[in-house]
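Coordinate analysis (summary)
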Amino acid sequence: MTVLYGLICLAAAVLMVVEVAVLDSRGGFLIAGLLTAAAALALVHWVARRRGEGSGPLLYAVGLLGAIGGYCFLALAPSGAIAPQDEVIDWGRMDKRPLIFGYLGIAAFIAFHWLWVAFLRGAPPPARPASAGALRKWPVRLLGALGIAVLAYCWLGLPALRSAGIVGEDGLATFYDLHSHVHLSALQQIRLGAIPYLEAQTQYGPGNQLLMGALTDFVHFSNHGFFAANLLLNVVCVIVFFVVVQQFLGFGWAVAGLVGWTLWPSPAERIDLAGWAVLTRWMAIPILSLWVAWLLLGAGAARRGWLAVVLAGMFWGTGGFLSQENLSGGLLVFGFSLALFGPASGLSLRRLASFAGLFVLAGGVTFVALVSAFVGPSHLFEVVALANAKSSLVMAGVSNSIWSDNLGLQFTGNIVDGRLETQLLASGEFRDLILTYALVLPLLLAIGLLAAFLGRRWRTADEPTRVFCTKFAGVAVGAFVLHLFSLLRSDTSHLAGPSFLLALFLLMLPVFLWRGLASGRARTALMVVSVAIIAEAVVSGRVGVERGVAGLGSIRPDTVAVLDLYRELRSHRGEVSDLAALYSPLPRFQAAFRDHRDFAEAEEFFDLLRKRLEGRRVELGSYKFDDLVAHPDTAYFLGGLRSLSGITSPKNSLWLRSEQHAWIAMVAGVRSGCLFFNANSNRELVEAWMRSVKPPQTMVTEPITGRREYGILACKSGARS
């Protein structure tokens, strides 16, 4: 593109930025932006025709103005997810769309630029055959897989499983946590006959909900059983992930990744945060990234017939059924991989389009089939709408992190020995916040350098360089997409949880810089910075490595203890569960729960409430019962109560005022059932419920009283639900 074309596009871009700033309307900007872009493209086309330069400049201008216009519409225009008159309740909001779409937009333009450059020169050269070294014998690969599986279990898996048997010395066990109760309250609804996901709402995906339900039933349906099942699932995910890494990258890089998970934020940090850390939320993204790079650039190029593409698509569709993160993240991985790796793969544009179409079709069919089989074919659009509702709000900035505006970040500290010491700095949140944003630059830089290498040097590079860069390509694209989920929330958990490939990316980066860049000052400077990042992590993380090495000495007794615990939990399946057994079926764990000062009241309250309900459904209008039952989620789970609305976790399901109003209208519109409330309940909900009865219906109210007055139960007349 010449200077003249660049000036035309620059003028149009500046005008679009002005338009989005002046027009406080997405629709208004869409019209104005399209007109501006159309005028600029017409001018570029006219100039190109006069110069006899063909359609190349026009196509490039379409991509450039499309990226700028899309950024203005998605990042700078008012968010379409939240109406102007609506407001966020309980949670907060920090609009990160300019950063998020800038992050995605820069990478997308890099991919578009090199795709345009490659195909402007004509059809890409045919792909080189995979080297014999890349096609290792299966016995060696299986032996390597077994070895890395054992190492992953000993290094990361067993330390996590140990926590399933830790009895708290003071107070309740750590597994008695709201994140677990969000799941357990929904699983309780399914056990009572609710439609999965729709009448038992969570934000972790329909597949994850059903998977956790099956695993919890396999271990024991209790708070302790859920924790143990979640740990088991996460450990399996970690082992499977590193086996996949060993298969695609080799045994050495898999071992390096294991150590790297101790040095940098990784899922290992949150592997025991039951309920929140369901690692299948992100599991499909890194595997798919390595898989597609192997298919397009690596040894899989010889096997990329329709079956390989269909299997990859089915894997993406299965991941999408598990969670919305897998669905959107997997699609981003595939799109970036196809654009970045497509020219170097030797596939023509037609074959790339067929490759993409087959992948998306296979994934879509798999997703639809799974939803139809486990939720019901008639509920497909409801499932998609529910999954997308919360993801769009997160993209719009709704969050419960400490950086969100409504929650307020309190920064207080003291000067000790001439240094500022604060609770924020001591907690590690501040370091993780800095790291979250600091990683944007190396990730974007790596994408740009990788694209340049594939566009300029791929055909002339030697075989070892191409083999390594194929591996790095899969890691870089996967790490780039996974970091998007960290940027959306910017807290410690969301930095650690999705960072499957971060450690490998940082460890492989110096090698890529050495192999992929021409010698010079730029390469030297980048090498120094990348090696310094590794050195800093080794120094700061050596304690974790030493602790991990020390733990290897007790592998056998710890494994026996873990197996005994799981056998003990499973031995109580089928027994009638009282309140304490829903906490844990093991007597030594129940002691702290039974000794809690509110246990007697909670036991009495649930007994009285169930007797009054006589099997009817009930909506809990009281947010907090006492210190033991501090959330509706906990009450639905421990009480074995069936919700009228299917929203058993209002704080995790109702983020906007409009959602709360819709929930109140839904509850009030139920023809039969009950509402439990007290003086602290949502007054709007109570009033709507009491006004919803019209003759000949009647409302029967009665107090629930025992050791104290717990609240009021108001039931509509009508058929039992």
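Since this is a predicted model, take the numbers as computed values, not measurements. (Residues numbered from 1 in each chain as written. Predicted model: local features only at pLDDT ≥ 70, side-chain atom pairs only at ≥ 80, totals over all residues. Heavy atoms only, no water.)

**Section: empty space enclosed by the protein**
This model, assessed by the stated rule, comprises 5 cavities of 30 Å³ or more. Of the voids in this model, the largest cavity is the one considered here, and its volume is about 70 Å³. Along the walls of the largest cavity sit F605, L620, S622, Y623, K624, F625, V629, H631, P632, A635 and F676, which together make up its complete lining. Class assignment of the residues belonging to the lining of the largest cavity gives a composition of 8 nonpolar, 2 polar and 1 charged. (1 Å grid on protein atoms, 1.4 Å probe; cavity = no way out; pocket = protein on both sides within 12 Å on 5 of 7 lines; lining within 4 Å. Points joined across faces, edges and corners; volume = space filled by probe spheres on them. Nonpolar A, V, L, I, M, F, W, Y, C, P; charged D, E, K, R; others polar.)

**Some words on the pattern of salt bridges**
All chains considered together, the criterion is met by 17 salt bridges. Note that D578 is salt-bridged to R594, the shortest N-O span being 3.3 Å. Of this pair, D578 sits in the loop between α22 (555–571) and α23 (579–583) while R594 sits in helix α24 (residues 587–594); the two residues are 16 residues apart in sequence, bridging distant segments of the chain. Given a relative accessible area of 37%, R594 falls into the partly exposed group. A salt bridge links E687 to R691; its shortest N-O distance comes to 4.0 Å. With E687 and R691 both in helix α29 (residues 683–691), this residue pair falls 4 residues apart, about one helical turn. Accessibility expressed as a relative area gives 39% for E687, which makes it partly exposed. Look at R691 and you get exposed, because its relative accessible area is 56%. In this structure, a network of salt bridges that share partners links the residues R93, D95 and R97. (Salt bridge = Lys/Arg side-chain N within 4 Å of Asp/Glu carboxyl O. Helix = DSSP H or I, 4+ residues; strand = E, 2+ residues; numbered from the N terminus. Buried < 20%, exposed > 50% of the residue type's maximum accessible area, 1.4 Å probe, protein only.)

**Things to note about unusual backbone geometry**
Here the residue pair P695 and P696 is connected by a cis peptide bond, since its omega of 5° sits within 30 degrees of zero. Relative to the helices and strands, P696 is located in the loop between α29 and β7 (699–705). The phi dihedral of Y197 is positive, around 70°, even though this residue is not glycine. Relative to the assigned elements, Y197 resides in the loop between α6 (178–191) and α7 (206–219). Residue Y197 is classed as buried on the basis of its relative accessible area of 2%. Unlike most non-glycine residues, E614 shows phi in positive territory, near 55°. Following the sequence through the fold, E614 ends up in the loop between α25 (599–613) and β5 (618–620). The class for E614 is partly exposed, based on a relative accessible area of 48%.

**Considerations on the state of the cysteines**
Overall, the coordinates contain 1 disulfide when judged by the stated rule. There is a disulfide in this structure between C674 and C715, and the S-S distance comes to 2.1 Å. What sets the handedness of the C674 and C715 disulfide is the S-S torsion sign, and at about 105° it is right-handed. With C674 in strand β6 (residues 673–677) and C715 in strand β8 (residues 709–716), this residue pair connects regions lying 41 residues apart in the sequence. For C674, a relative accessible area of 0% translates into the label buried. Assessed through its relative accessible area of 4%, C715 is described here as buried. The thiol sulfur of C237 is not disulfide-bonded, and the nearest other cysteine sulfur, from C154, lies at 18 Å. (Disulfide = S-S within 2.5 Å.)

Honestly, it's all geometry; don't read function into it.
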